[in-house]
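Chains, contacts and geometry: an overview
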Amino acid sequence: PEGVGYTVTENLDTTVYEGYANAGITYSDSSHKIVDQKEHTVTVENTYTAPKKSLTITKKRADGSAAFPGDANTFPIYVKLGKEGTYQVSVNGGTPSNLNVSSVSTAVKVADLGENGKVVISGIPQGTTYEVSEDLSDSRYVNYTKPAVITNGTGTISSENEVTVTNKYTAPEIAKGS
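Report on the accompanying structure.

Calculation notes
Residues numbered from 1 in each chain as written. Predicted model: local features only at pLDDT ≥ 70, side-chain atom pairs only at ≥ 80, totals over all residues. Heavy atoms only, no water. Helix = DSSP H or I, 4+ residues; strand = E, 2+ residues; numbered from the N terminus. Buried < 20%, exposed > 50% of the residue type's maximum accessible area, 1.4 Å probe, protein only. Contact = heavy atoms within 4.5 Å. Areas by Shrake-Rupley, 256 points an atom, 1.4 Å probe, with all protein chains shown as cover. Pairing = 2+ DSSP bridges. Axes fitted to C-alpha atoms, helices over the stretch in contact; angles between N-to-C directions. Phe/Tyr/Trp six-rings, centres within 6.5 Å; stacked < 30°, edge-to-face > 60°. Polar contact = N/O pair within 3.5 Å; in protein donor to acceptor, adjacent residues only side chain to side chain. Salt bridge = Lys/Arg side-chain N within 4 Å of Asp/Glu carboxyl O.

On to the overall build of the chain. Scanning the chain from N- to C-terminus turns up zero helices and 14 strands. Beginning at the N terminus, the succession of helices and strands in the chain can be written as β-β-β-β-β-β-β-β-β-β-β-β-β-β. Here the chain holds 178 residues, and the buried ones make up 29% of them. For the chain, the proportion of contacts with a sequence separation of at least 24, taken over those separated by at least 6, is 68%. In the structure as shown, the chain presents an accessible area of about 11,000 Å², 46% of it carried by carbon and sulfur atoms.

Next up, the structure:
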C-alpha cells in the first residue's frame, strides 16, 4: 500500500541452488515510502562458483582376453580437460598429487594403470568438458586390440563421472617345433 516502508531479504537455499552463494542481504528502508506508484529498485547479486566434482577412470580387461603379460600390463592414460587449472589425482587410492592443466587443447598423462587400476581426478569444476584416451603406440602393445574400448570417454563433468578403459590382449601363438 502507498506510504509504507519496505524490507527486502534473501534466504537462498544453497542445497537447491548448488554453487550459488547467498547474497546475505537484508535491505530495509523505512525512510522511503511507496508513493504514487513510483518504482523502487533493489539489486541483489549472487556469486556463482561451479561446484567441484571428480572424474574416475578405471582400467579393465575385456571378457575373453588373455591375461596381460608382465612387460605390457600397465597402460598410459591421458585426459584433456576443457578448463585450465590444478587438480588432485589419486592413483589406486594413493596419496593425491597435483595435475597441472595449462592448455585445454593438450592431453595430459595422469597415470599408468594396470588391470582393475583406478585413477580419480578431483576438484574439476562442474560443466568442464573432458576426453580420456590411452596410448597403445609402444611396440609392447602389439598384441592388443586397438583402439581400446573407452566407455564414457568424452563428456561434461556432472555429479557422477565414471570412465572405463577396456583392453583385450590376444596371446601370440607359439610355433610348434618339428
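Now that the structure has been shown, the text picks up again.
With that settled, the discussion passes to the pairing of strand 8 (residues 97–101). In the sheet, strand 7 (residues 85–91) pairs with strand 8 via five bridges, with the strands oriented antiparallel. Bridge pairing in strand 8 places Tyr 87 opposite Leu 99.

On the basis of which strands lie adjacent, the open sheet formed by four strands has the order 9-6-11-13 and antiparallel pairing. Edge positions in the open sheet fall to strand 9 (108–114) and strand 13 (154–156), since each of these has one partner strand only. Strand after strand, the sheet turns through a mean of 25 degrees between neighbouring axes, direction not considered. Here strand 6 (residues 74–81) pairs with strand 9 via six bridges, running antiparallel. Note that in strand 9 the partner of Phe 75 across the bridge is Leu 113.

With that out of the way, let us pick up the sheet that holds strand 8. Read across the open sheet, the six strands follow the order 8-7-10-5-14-12; overall the sheet is mixed. Of all the strands in the sheet, the pair left with one neighbour each is strand 8 and strand 12 (149–151). Averaged over all adjacent pairs, the angle separating strand axes in this sheet is 25 degrees, with direction ignored. Note that strand 5 (residues 52–61) and strand 10 (residues 118–125) share seven bridges and pair antiparallel. Bridging from a neighbouring strand, Lys 53 pairs with Ile 124 of strand 10.

This part takes up the packing of aromatic side chains. Summed over the entire model, instances satisfying the criterion amount to six aromatic pairs. Where Phe 68 meets Tyr 144, the ring centres are 5.6 Å apart and the plane angle is 55 degrees; that geometry is what we call tilted. In this pair, Phe 68 sits in the loop between strand 5 and strand 6 while Tyr 144 sits in the loop between strand 11 (129–134) and strand 12, placing the two residues 76 residues apart along the sequence. Summarising the burial analysis for this pair, Phe 68 and Tyr 144 share the class buried.

Residue position: Asn 167 is located in strand 14 (residues 162–167). Within the structure, the side chain of Asn 167 is placed 2.8 Å from the side chain of Glu 134, a separation counted as a polar contact.

Attention now moves to the pairing of strand 10. With four bridges joining them, strand 7 and strand 10 adopt antiparallel strand pairing. Its bridge partner lying in strand 10, Val 89 is registered against Ile 121.

Where charged atoms from two side chains of opposite charge approach closely, those side chains can pair. By the definition in use, this model includes four salt bridges. A salt bridge links Arg 61 to Glu 115; its shortest N-O distance comes to 3.1 Å. Here Arg 61, found in strand 5, pairs with Glu 115, found in the loop between strand 9 and strand 10; they are 54 residues apart in sequence, far enough to count as distant. According to the relative accessible area criterion, Arg 61 is partly exposed, its value standing at 31%. Here Glu 115 falls in the partly exposed class, since its relative accessible area comes to 34%. Across the salt bridge formed by Lys 109 and Asp 112, the nearest N and O atoms sit 3.1 Å from each other.

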